[in-house]
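Listed here are the chains, written in short residue letters.
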Amino acid sequence: MNIAYISNDIEKAKEKLLEEYEESILFEDNELKLPMVKEIKEEVYQTTDKPKTILIKAVTLRVEAQNSLLKILEETPDKVQLIILTTSKYALLDTIRSRVEVKEINFEKPQIDISFSLKSLNQKEIYEIVLKNGKKFSKLELKTFITELLKKVEEPNEELLNNFEMAMKLIDLNGDREAILSLLLLSIRNSNNENL
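Note that this is a predicted model, so its numbers are computed, not measured.

1. Here's the deal with the overall build of the protein
Okay, step 1: Along the backbone of the protein there are 8 helices and 7 strands.
Okay, step 2: The C-alpha atoms of the protein give 21 Å as radius of gyration, which overshoots the globular expectation for 196 residues (16 Å, by more than 25%).
Okay, step 3: Seen through its principal axes, the protein has C-alpha atoms that stretch 70 × 30 × 25 Å.
Okay, step 4: Evaluated residue by residue, the protein yields a buried proportion of 41% over its 196 residues.
Okay, step 5: Contacts in the protein between residues far apart in sequence, at least 24 positions, make up 81% of those at least 6 positions apart.
Okay, step 6: Accessible surface, the protein: about 11,600 Å² in total, of which carbon and sulfur atoms supply 48%.
Okay, step 7: On the protein, the mean spot of the 29 positive side-chain charges and the mean spot of the 36 negative ones are 1 Å from each other.

Next up, the structure:
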């Protein structure tokens, strides 16, 4: 049976699935497009005596790519299992959802403690915060941290709000987490300096 996993942390879910399906073949991109589906199709129909699991990871799935994938789901060889991993069941067409078993892999949202003062933020503190947290955060944890930061900002101006929005987009695009956090904290500090 082919499966679609929905997860609130697609990176952690990918790691979990790669452990569970040790010899799986991974196809991943931020967006599922026709060229990737063509590669998947070639892999699906390569003959083999051993069972084969193909993991397809994408945040968004283009409609034309899903329509092409639909044919593969309908005619999957007996020894092949397709696993789709994405962040929302609504990213999948109804026709895809009807041909797979939909399951969820969710992770507990991290508790984020922001115990530093945003009003007196200086470069040394920014450096220490980034050094301590930048690499250890998953995408979900960094988004949670940024959301908590925004809650602490008193009267954010339009530029700062735009920077928060851009940070969230950069996280989704797998931007460098330390750089995203640095730029956001620097923009908070600069915003504080303008308000003095």
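From this point, the narrative continues.
2. Overview of the sheet that holds strand S2 (residues 25-28)
Okay, step 1: Pairing within the open sheet is parallel, and its 5 strands lie in the order S2-S4-S6-S1-S7. The open sheet has two free edges, formed respectively by S2 and strand S7 (101-105), since each of these has just one partner strand. Mean inter-strand twist for the sheet, computed between neighbouring axes without regard to direction, equals 20°.
Okay, step 2: Two strands pair when backbone bridges link them, and S2 and strand S4 (residues 52-57) are joined in this way by 4 bridges, in the parallel orientation. Considered in S4, the bridge of Phe 27 is made with Ile 56.

3. Some words on the packing of helix H6 (residues 139-152) against helix H7 (residues 158-172)
Okay, step 1: Running from amino to carboxyl end, H6 crosses H7 at an angle of 175°, the nearest separation of the two axes being 10 Å. Here H6 is positioned roughly antiparallel relative to H7, judged by the angle of their axes. Contacts between H6 and H7 involve Lys 139, Leu 142, Lys 143, Ile 146, Thr 147, Leu 149 and Leu 150 from the first element and Leu 161, Phe 164, Ala 167, Met 168, Ile 171 and Asp 172 from the second.
Okay, step 2: Its residues placed into classes, the contact of H6 with H7 shows 9 nonpolar, 1 polar and 3 charged.

4. Topic: helix H5 (residues 123-133)
Okay, step 1: Those residues of H5 that fall on the buried side of the exposure criterion are Ile 126, Ile 129, Val 130 and Asn 133. Here the buried residues of H5 occupy an arc of 95° about the axis, which is enough to place them on one side. In H5, the exposed positions angled more than 90 degrees off the buried face are occupied by Lys 124, Tyr 127, Leu 131 and Lys 132.
Okay, step 2: Taking the backbone nitrogen of Lys 124 as reference, a side-chain oxygen 3.0 Å away marks Asn 122 as the first, capping residue of H5.

5. Some details on the packing of aromatic side chains
Okay, step 1: Within the structure shown, the criterion is met by 1 aromatic pair.
Okay, step 2: With a centroid separation of 6.4 Å and 40° between ring planes, the pair formed by Phe 116 and Phe 145 is classed as tilted. Taken together, the residues Phe 116 in the loop between S7 and H5 and Phe 145 in helix H6 connect sequence positions 29 residues apart. Both residues of the pair, Phe 116 and Phe 145, belong to the buried class.
Okay, step 3: Across the ring face of Phe 116, the terminal group of Lys 152 is positioned such that the distance to the ring centre comes to 5.6 Å.

6. Things to note about the side chain of Asp 9
Okay, step 1: In this structure, Asp 9 sits in the loop between strand S1 (3-7) and helix H1 (10-20).
Okay, step 2: For the buried Asp 9, no salt bridge is present, and the opposite-charge side chain at shortest range is Lys 12, 4.3 Å distant.
Okay, step 3: At 3.3 Å, the side chain of Asp 9 and the backbone nitrogen of Lys 12 are in polar contact.
Okay, step 4: With residues up to four places along the chain from it excluded, the contact list for Asp 9 reads Phe 107, Ser 138 and Leu 140.

Cut-off values and rules
Residues numbered from 1 in each chain as written. Predicted model: local features only at pLDDT ≥ 70, side-chain atom pairs only at ≥ 80, totals over all residues. Heavy atoms only, no water. Helix = DSSP H or I, 4+ residues; strand = E, 2+ residues; numbered from the N terminus. Rg over C-alpha atoms; globule rule 2.2 N^0.38 Å. Buried < 20%, exposed > 50% of the residue type's maximum accessible area, 1.4 Å probe, protein only. Contact = heavy atoms within 4.5 Å. Areas by Shrake-Rupley, 256 points an atom, 1.4 Å probe, with all protein chains shown as cover. Lys, Arg positive; Asp, Glu negative; His and termini not counted. Charge placed at Lys NZ, Arg CZ, Asp CG, Glu CD. Pairing = 2+ DSSP bridges. Axes fitted to C-alpha atoms, helices over the stretch in contact; angles between N-to-C directions. Parallel < 35°, antiparallel > 145°, perpendicular 65-115°, else oblique. Nonpolar A, V, L, I, M, F, W, Y, C, P; charged D, E, K, R; others polar. Arc of directions from axis to C-beta. Polar contact = N/O pair within 3.5 Å; in protein donor to acceptor, adjacent residues only side chain to side chain. Phe/Tyr/Trp six-rings, centres within 6.5 Å; stacked < 30°, edge-to-face > 60°. Lys NZ or Arg CZ within 6 Å of the ring centre and 35° of its normal. Salt bridge = Lys/Arg side-chain N within 4 Å of Asp/Glu carboxyl O.

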